[in-house]
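Here's the letter readout for the chains.
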Amino acid sequence: MVHLKESGLFANLFFLWSNFFLEWQVNLYPMKRKYSIHLLVSIIAAVLIALFVYTALSKAMQLHRFQIALRSSPWLRPLSRQLAWGVPAVELLLAAGLLILRFREKTLFLSGILLFCFTGYIGGMLLFAKKLPCGCGGVIEVLSWQQHLVLNIVLTFLAFFGWYIERKYKRTVAIEPGQASAGLTGRNSRIPV
């Protein structure tokens, strides 16, 4: 069996995909002011897509091992079979939703909720569980539980920050000088789309 962390194929595919993804995003947002905002959201989305696809594929490739890890968790034992299939499926659905611009705002929010649930689970396990089984896949499996908690907190913040930015700037456009619409003029004026 080929492990993703041992082969450079995943890194090469991600590099090629991220270059295409970011160039594609640049062409969709020609205004300079919105460009940097949407570039930031696109980078956050690319990080989350890479995370979700990588972890989902590594869990799916070692499904039996992932299910055993879930069974050894005292809180997840009753749902281990459903979670073993459900978590990778939800991660792949969120990755697909982040690719589609129309769904990006909602998907960033849902990604934040999923990561918040993962973070709560890790925090609860650190506080209350005696045995700490790891059901993560790939490179993330190498992290300690404390490092995993910090990583999840950062990723949760990124998802909600991306959602906030996307929500705040999605429905506004800048009015160019000389244009008047609804009584607003000037470079810094904003109106809803």
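Residues numbered from 1 in each chain as written. Predicted model: local features only at pLDDT ≥ 70, side-chain atom pairs only at ≥ 80, totals over all residues. Heavy atoms only, no water.

1. Points about the overall build of the protein chain
And then number 1: Helix and strand counts for the protein chain stand at 6 helices and 2 strands.
And then number 2: Ordered by position from N to C terminus, the α and β elements of the protein chain give α-α-α-α-α-α-β-β.
And then number 3: Relative to its 193 residues, the protein chain shows a buried fraction of 38%.
And then number 4: Long-range pairs, those at least 24 residues apart, make up 64% of the contacts in the protein chain with a sequence separation of at least 6. (Helix = DSSP H or I, 4+ residues; strand = E, 2+ residues; numbered from the N terminus. Buried < 20%, exposed > 50% of the residue type's maximum accessible area, 1.4 Å probe, protein only. Contact = heavy atoms within 4.5 Å.)

2. Comments concerning the nonpolar core
Most often, soluble globular proteins have nonpolar side chains that are buried together.
And then number 1: Among the nonpolar cores identified, the biggest contains 18 residues, and Leu48, Leu51, Phe52, Leu98, Leu108 and Leu115 are the most heavily contacted of them.
And then number 2: At the level of secondary structure, the elements contributing two or more residues to this core comprise helix H2 (32-61), helix H4 (80-99), helix H5 (104-128) and helix H6 (145-170).
And then number 3: In terms of residue count, the dominant contributor to this core is H2 (8 residues).
And then number 4: Leu63, Phe66, Leu70 and Ala84 belong to the second largest nonpolar core, which has 6 residues in total. (Core = buried A, V, L, I, M, F, W, Y, C linked by side-chain atoms within 4.5 Å.)

3. Digging into the packing of H4 against H5
And then number 1: For the pair H4 and H5, interaxial distance at closest approach is 8 Å and the crossing angle is 150 degrees. Between H4 and H5, the crossing angle belongs to the class labelled roughly antiparallel. The element H4 and its partner H5 pack so that their crossing is left-handed. Across the interface between the two elements, Val87, Val90, Glu91, Leu94, Gly97, Leu98 and Leu99 from H4 touch Arg104, Thr107, Leu108, Leu110, Ser111, Leu114 and Phe118 from H5.
And then number 2: A breakdown of the residues in the contact of H4 with H5 according to their chemical character gives 9 nonpolar, 3 polar and 2 charged. (Axes fitted to C-alpha atoms, helices over the stretch in contact; angles between N-to-C directions. Parallel < 35°, antiparallel > 145°, perpendicular 65-115°, else oblique. Left-handed = near helix turned anticlockwise from the far one by under 90°. Nonpolar A, V, L, I, M, F, W, Y, C, P; charged D, E, K, R; others polar.)

4. Section: the environment of Gly123
And then number 1: By the element assignment, Gly123 lies in helix H5.
And then number 2: The buried category is assigned to Gly123, whose relative accessible area is 18%.
And then number 3: Separated by 27 residues in sequence, Gly123 and Val150 place their C-alpha atoms 9.9 Å apart.

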